[in-house]
Amino acid sequence: MLKKTKTKPGLVVITGASAGVGRACVRTFARNGYDVAMLARDKARLETAKREVEALGQNAIYRIVDVADAGAVDMAATEIEQELGPIDVWVNNAMNSVFSPVREMQPDDYKRVTEVTYLGQVYGALAALKRMRPRNRGKIVFVGSALAFRGIPLQSAYCASKHAVEGFYGSLRAELLHDNSRVRISAVHLPALNTTQFGFVKSRLTNRARPMGTIFQPEVAADAILYAARHDRRTIYVSWSTIQVVIGSRLFPVLVDHILARTGYDGQQTDEPEDPNRKHNLWEPVPGDYGAHGEFDDQAMGCSLQLWMSKNKGYVLGGAALALAGFLLGK
């Protein structure tokens, strides 16, 4: 039986909900009173995530869906609304990647990563808009990356897909503004994260893959995504490192090319050799409940000062104004 309260903020759909950032989002939204509908490919992990939501007092359902299948995504949205009611928030989080030099990539690698990481967000947006536009309300959150603005070595398929998401997002936002629609969209661009993907992503690297640069826990990403769902912000950049990538790539693209050529290979690999026979999740989920965190807990930051400042602009600007006034009065 569905749990009903007057204070529920609504129903959220989260794609890629069974692990990593998606799993952290499931927990974060449930803790904040949302009913949660989860889309992913692995039934066992979805069952566990469902129990976590229910333990927090919220309703939860899931559908076993590959977001590369537009029809399956749309059907899942229909079934979710039939069971839990109108979808208030849709979080486009599902992703896939391949760690490999371009010279070793195969056409099917690019096709698959594009279908999941880019088209999966398009299909999610279409399913959400189909239901939100007639009601003239709702929120769609696109999960982007610093790599939506800067391609780096060894992740060409993922970088290209995130660039494509950013292009689609800009087009859709302009159209919604043109139509005076009250359906809102936001993009959240993430830094390097300690997620589970590094344990099961397809890789042709000599050593095991790792996040490059300053690493944050997936809960930081989930916090930003929750904030985006609740506020009408066009873009949220998570961490100074993301902002540095965006600004550096725009102002000094040639310099960044050379920096990445020098650091991008070693920076994305540990000192441990990769097992060439390890199972990966490009085509099928890898069995096991991986949760939200990867293996880099000892290197990952649990909060972002920049994100706090972004969420609390009023306090930051007010404090800066008071400090300036105090300085001027003291002269």
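Above this text sits the structure in question.
Being a predicted model, the structure only gives us computed values, none of them experimental. (Residues numbered from 1 in each chain as written. Predicted model: local features only at pLDDT ≥ 70, side-chain atom pairs only at ≥ 80, totals over all residues. Heavy atoms only, no water.)

Here's the deal with the packing of helix 1 (residues 20–31) against helix 2 (residues 43–55)
Then comes step 1: Direction vectors running N to C along helix 1 and helix 2 enclose 20°, while the axes themselves pass 9 Å from each other. One way to sum up the angle between helix 1 and helix 2 is to call them roughly parallel. Note that helix 1 runs across helix 2; the crossing there is right-handed. Residues Arg23, Val26, Arg27 and Ala30 of helix 1 touch helix 2, and the partners they reach there are Arg45, Thr48, Ala49, Glu52 and Val53. (Axes fitted to C-alpha atoms, helices over the stretch in contact; angles between N-to-C directions. Helix = DSSP H or I, 4+ residues; strand = E, 2+ residues; numbered from the N terminus. Parallel < 35°, antiparallel > 145°, perpendicular 65-115°, else oblique. Left-handed = near helix turned anticlockwise from the far one by under 90°. Contact = heavy atoms within 4.5 Å.)

So, the side chain of Asp109
Then comes step 1: Within the secondary structure, Asp109 is located in helix 4 (residues 107–135).
Then comes step 2: A polar side-chain atom of Asp109 sits 3.0 Å from a polar atom in the side chain of Lys202.
Then comes step 3: When residues no more than four places from it in sequence are discounted, the contact partners of Asp109 are Val98, Lys202, Arg204 and Leu282. (Polar contact = N/O pair within 3.5 Å; in protein donor to acceptor, adjacent residues only side chain to side chain.)

Thoughts on the sheet that holds strand 14 (residues 300–301)
Neighbouring strands of a sheet are bound in pairs by backbone hydrogen bonds; such pairs are parallel or else antiparallel.
Then comes step 1: With parallel pairing, three strands are arranged side by side in an open sheet as 8-11-14. Strands at the two margins of the open sheet, each flanked by one partner only, are strand 8 (192–193) and strand 14.
Then comes step 2: Sheet analysis places strand 8 next to strand 11 (residues 215–216), joined by two bridges and oriented parallel. Across the sheet, residue Leu193 finds its bridge partner in strand 11, namely Phe216. (Pairing = 2+ DSSP bridges.)

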